[in-house]
Structures are given as structure tokens and as C-alpha cells.
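This is what each chain is made of:
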Amino acid sequence: MNIAENLHDIKSSFFNPDCLLIAVSKTKPIADLLEAYEAGVRDFGENKVQEIQAKEPEMPDDTRWHMIGHLQRNKVKYIAPFIHLIHSVDSFKLLSEINKQGEKIDRKISVLLQIHIAEEESKFGFDIAELEEMLNSDEFKKLSHVNIKGLMGMATLTTNQDQIRKEFKGLKTLFEEIKKRDLPDFMQLEELSMGMSSDYRVAQEEGSTMVRIGSSIFGARNYN
Ligand SMILES: *Cc1c(COP(=O)(O)O)cnc(C)c1O
């Protein structure tokens, strides 16, 4: 496994060369992350709070940490001081907790709202009705220590490219539609986080601004 070579190959295959590559390093040792860092990667994605906490002090200071997995409210405080972007905000309760922890340390925390676009029930995220309810609520408008920078979505795990494309297209349409609205200052939609190892090309064709790529860079994950 040559991480630098993999990164080079992936970048060369980008449909949109300006799309941000987030190296998803969950389960991988620091040596692998450092190899990616040496090859120019600064953005790393993890899905467990404990793992980000353990890796953060081991990496250079200009490493940007992205929380991409389901986040429990009681763990927000551990990453609030340094997290660069939380992609996986899937409820108003979680968003409020992030706001509260941001207020405590006087830091505005950047987040994306995760939207449920897949067929599978198992994937997290707002559905459209939940999203509308939140956006229209008074409590939402009072948030002070979050920056909502965009949306995130995960397509259904399928080999059907048409279905994957349709789901990404749907998210992009929602993104453009919400952007046109009269939104609070803390909600400026710029980023669309969609695409992983198996579907980043399609995601970029449909307007992704950041892709979260793990196994194509670091090899298959070994969960033991
Ligand atoms: C693990 C993970 C990825 C990366 O998946 P690969 O198929 O290894 O590229 C992307 N997004 C999320 C939310 C993940 O949990």
C-alpha cells in the first residue's frame, strides 16, 4: 500500500480538481496519517470521538480534523476546542449542544447538516420535514456559536450508479434551494460533503465540494 501514490491517483481522477479531499483515517495508525500528511493532506476525517482525541496530539498543529461519524451529545465537549468541521449534525438537540459547548469556550464551531438521502433506514440524517421544522423554529434562529457551512449526505450502498447519482442530485437541489432563502447570518451554505471511495466521481459530477475518502487511500479497514 503506497499512500502517496494512491493519493496522486485519486487526485488525478477528480472530476473537479478544486474539490477538497478529506482523508478518512479511522482505524488507521498515526504512521499512515503522517504519510498522507507528508504527501500534502491536511484534512483528516474520523468517526469516533475517542480516536480523534487520541490522534490529535500526535499530528502536526496545522492538521484539520473532520468529525464525519454519528456524534453523541455527551461527547461534543471533548472535540469542541479543536474540531475543524463536524459533518454529521443530524438533530437540533445535537446542534444546540454544539452551540452550548462553543459558547463555553467562546468558539464558533463549524458544522454541516447531515441529510438522509439513502434508501437504507440505518443511515443517520435529517429528513426534509425535520429540517424544515428546525429552520422555521425560533430556537434555531437564536443560535450564536455555530457556523452552518453546508450539507452532508451518504448515498445508498449499492452498485446502481443511477440511483447513487439520483440521490446526490437530490441533495444538490436541496442545497441550492435552501441557499436562496433568507437565512440567519450563521448559516451561509458553501459546502456540499458527498462522495466516498466508491462514488466520489459521481458525487463531484453532481456538485460535491468535499469528498471523504478512506479505503482507496489507506487500504481496507480491519475491524478487530
Ligand atoms: C468511513 C467513512 C467514509 C469513507 O469510506 P471509504 O469507503 O473507505 O472511502 C466516508 N464517510 C463516512 C461518513 C464514513 O464513515
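Residues numbered from 1 in each chain as written. Predicted model: local features only at pLDDT ≥ 70, side-chain atom pairs only at ≥ 80, totals over all residues. Heavy atoms only, no water.

(A) Region of the structure containing the UniProt feature "modified residue: N6-(pyridoxal phosphate)lysine" (unreviewed entry) in the protein chain. Feature annotation in UniProt assigns "modified residue: N6-(pyridoxal phosphate)lysine" (unreviewed entry) to the following positions: Lys-26. By the secondary structure assignment, Lys-26 is in the loop between strand 1 (20-24) and helix 2 (30-38). (UniProt positions renumbered as here; feature names shortened; annotations may be inferred. Helix = DSSP H or I, 4+ residues; strand = E, 2+ residues; numbered from the N terminus.)

(B) Representation of the pairing of strand 5 (residues 109-115) in the model. Of all 7 residues in strand 5, 7 are buried; the element is thus mostly enclosed. Side chains Ile-109, Val-111, Leu-113 and Ile-115 project from strand 5 onto one buried face, and the interleaved Ser-110, Leu-112 and Gln-114 project onto a second face that is buried too. Of the strand pairs in this sheet, strand 4 (residues 85-89) and strand 5 are connected by 2 bridges, and their pairing is parallel. Bridged to Val-89 within strand 5 is Leu-113. Note on the crossover from strand 4 through helix 5 (residues 92-104) to strand 5: the handedness is right-handed. As defined by bridge partners, strand 5 adjoins strand 6 (residues 146-153) across 7 bridges and the pair is classed as parallel. Across the sheet, residue Gln-114 finds its bridge partner in strand 6, namely Met-152. (Buried < 20%, exposed > 50% of the residue type's maximum accessible area, 1.4 Å probe, protein only. Pairing = 2+ DSSP bridges. Right-handed = clockwise from strand over helix to strand, strands pointing away.)

(C) Quick peek at the site of the ligand. Every residue near the ligand is listed here: Val-24, Lys-26, Ile-68, Met-154, Met-196, Ser-197, Arg-212, Ile-213, Gly-214, Ser-215 and Arg-221. Between Ser-197 and the ligand, the recorded distance is 2.5 Å, taken from a side-chain N or O atom to an oxygen atom. In the environment of the ligand, an oxygen atom lies 2.8 Å from a nitrogen or oxygen atom belonging to the backbone of Ser-215. When grouped by side-chain class, the residues that make up the shell around the ligand number 5 nonpolar, 3 polar and 3 charged. (Near = heavy atom within 4 Å. Polar contact = N/O pair within 3.5 Å; in protein donor to acceptor, adjacent residues only side chain to side chain. Nonpolar A, V, L, I, M, F, W, Y, C, P; charged D, E, K, R; others polar.)

(D) Examining the packing of aromatic side chains more closely. Considering all chains together, one arrives at 3 aromatic pairs under this definition. Taking the centre distance of 5.8 Å and the plane angle of 55 degrees together, the rings of Phe-14 and Tyr-200 count as tilted. Separated by 186 residues along the polypeptide, Phe-14 in the loop between helix 1 (3-12) and strand 1 and Tyr-200 in helix 9 (residues 200-205) bring together distant segments of the chain. Per residue, the accessibility class of Phe-14 equals that of Tyr-200, and both read buried. Summarising the aromatic geometry, the rings of Phe-140 and Phe-186 are spaced 5.3 Å apart at their centres and angled 65 degrees between planes, so their arrangement reads as edge-to-face. You can see Phe-140 sitting in helix 7 (residues 138-141) and its partner Phe-186 sitting in the loop between helix 8 (161-179) and strand 7 (187-193), a full 46 residues away along the chain. Classification of Phe-140 as buried rests on a relative accessible area of 1%. A residue is classified by how much of its surface remains accessible, and Phe-186, at 9% relative accessible area, is buried. (Phe/Tyr/Trp six-rings, centres within 6.5 Å; stacked < 30°, edge-to-face > 60°.)

(E) Representation of the nonpolar core within the structure. Counting 61 residues, the largest nonpolar core has Phe-44, Ile-86, Leu-113 and Met-187 as the members making the most contacts within it. Here this core gets 6 residues from one element, more than from any other, and that element is helix 8. The next biggest cluster of nonpolar side chains, apart from the first, holds 5 residues, and it includes Ile-22, Leu-85, Leu-112 and Met-210. (Core = buried A, V, L, I, M, F, W, Y, C linked by side-chain atoms within 4.5 Å.)

(F) A look at helix 2. Inspection of helix 2 places Asp-32, Leu-33, Ala-36 and Tyr-37 among the buried residues, and these make up the whole buried set. Looking straight down helix 2, one finds its buried side chains confined to an arc of 145 degrees; they lie on one side. With respect to the buried face of helix 2, the exposed residues turned more than 90 degrees away are Ala-31 and Glu-38. Phi turns positive, to about 110 degrees, at Gly-40, one or two residues after helix 2. (Arc of directions from axis to C-beta.)

(G) The environment of Ser-144, seen in detail. Along the chain, Ser-144 falls in the loop between helix 7 and strand 6. Here Ser-144 falls in the partly exposed class, since its relative accessible area comes to 30%. The sequence separation of Ser-144 and Gly-102 amounts to 42 residues, and the corresponding C-alpha distance is 8.6 Å. Setting aside anything within four residues of it in sequence, one finds Ser-144 in contact with Asn-99, Glu-103 and Lys-108. (Contact = heavy atoms within 4.5 Å.)

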